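Close look at the chain arrangement
Letter by letter, the chains look like this.
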Amino acid sequence: MQTLEALTRDARALARGEITAPDAELARQMQICNGCRYCAGFCAVFPVMTRRLEFGKADIHYMANLCHNCGACLPACLPIRAAARFRHLLFLVSVTGLLLWLLGATAAMPLMLAVHLGALMALFLTLPYGKFAHGVFRTAALLRFAIEKRQPNRLELGGE
Ligand code: SF4
Ligand code: SF4
């Protein structure tokens, strides 16, 4: 629960039209959603979002008032689902690996090995859709950046 001091600070910032920490966080999340747009047809918030690249205080309050907090976009969110799936699979691989090590000398070993390899395979199958995919995309982006740096800056605004 927020303290009275924090509530007073937020109320003062609201009165002055300043960007508060929750406003900045919402703007950050809107920029992520704007890159994804999977939920574009869910409600009026997303089409309003796609008409903007930056989210000032007025935009954030406009969209917050359009949202009726139905929660439909939460379970549908691809990055949230992918992160949860990755965590569950990683946990399963660790637990089955540990059990395999503990039961290695028993009759349960073949079954544990099959379960562990199955979990490992599932983890590898989800790699293109999980956090590991960032390794590939970041390498490609760094390569493109290295090439772009060697080319003349067409905007000629300096800053490099
Ligand atoms: S909670 Fe419901 S109304 Fe709000 S942004 Fe998500 S889908 Fe739209
Ligand atoms: S899937 Fe998640 S990140 Fe993508 S638009 Fe929907 S809420 Fe935003």
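Description of the site of ligand 1
Taken together, F42, C43, V45, C67, H68, N69, C70, G71, A72 and C73 make up the full set of residues adjacent to ligand 1. Here the shell around ligand 1 is composed, by residue class, of seven nonpolar, three polar and no charged.

Quick look at helix α2 (residues 21–36)
Because an α-helix packs 3.6 residues into every turn, residues spaced three or four apart end up facing the same way. Here α2 contains 16 residues, and its C-alpha end-to-end distance of 23 Å stays within 8% of the 22 Å for a straight helix at 1.5 Å per residue. Just past α2, the residue R37 takes up positive phi, approximately 60°.

What about the domain arrangement of the chain?
For the chain, the assigned domains are domain 1 (4–76) and domain 2 (78–149). A C-alpha centroid distance of 33 Å is found between domain 1 and domain 2.

Details of the site of ligand 2
In the neighbourhood of ligand 2, the contacting residues comprise I32, C33, C36, R37, Y38, C39, C73, A76, C77, L78 and P79. Of all the secondary structure elements, the ones that give two or more residues to the shell around ligand 2 are α2, α5 (73–76) and α6 (78–102). A total of three residues in the shell around ligand 2 trace back to one element, the largest contributor, which is α2. Split into classes, the residues belonging to the shell around ligand 2 amount to 10 nonpolar, no polar and one charged.

Thresholds applied
- Residues numbered from 1 in each chain as written.
- Chains lettered and ligands numbered in written order.
- Predicted model: local features only at pLDDT ≥ 70, side-chain atom pairs only at ≥ 80, totals over all residues.
- Near = placed C-beta within 6 Å.
- Nonpolar A, V, L, I, M, F, W, Y, C, P; charged D, E, K, R; others polar.
- Helix = DSSP H or I, 4+ residues; strand = E, 2+ residues; numbered from the N terminus.
- Expected span 1.5 Å × (residues − 1).
- Domains from an automatic or database assignment.

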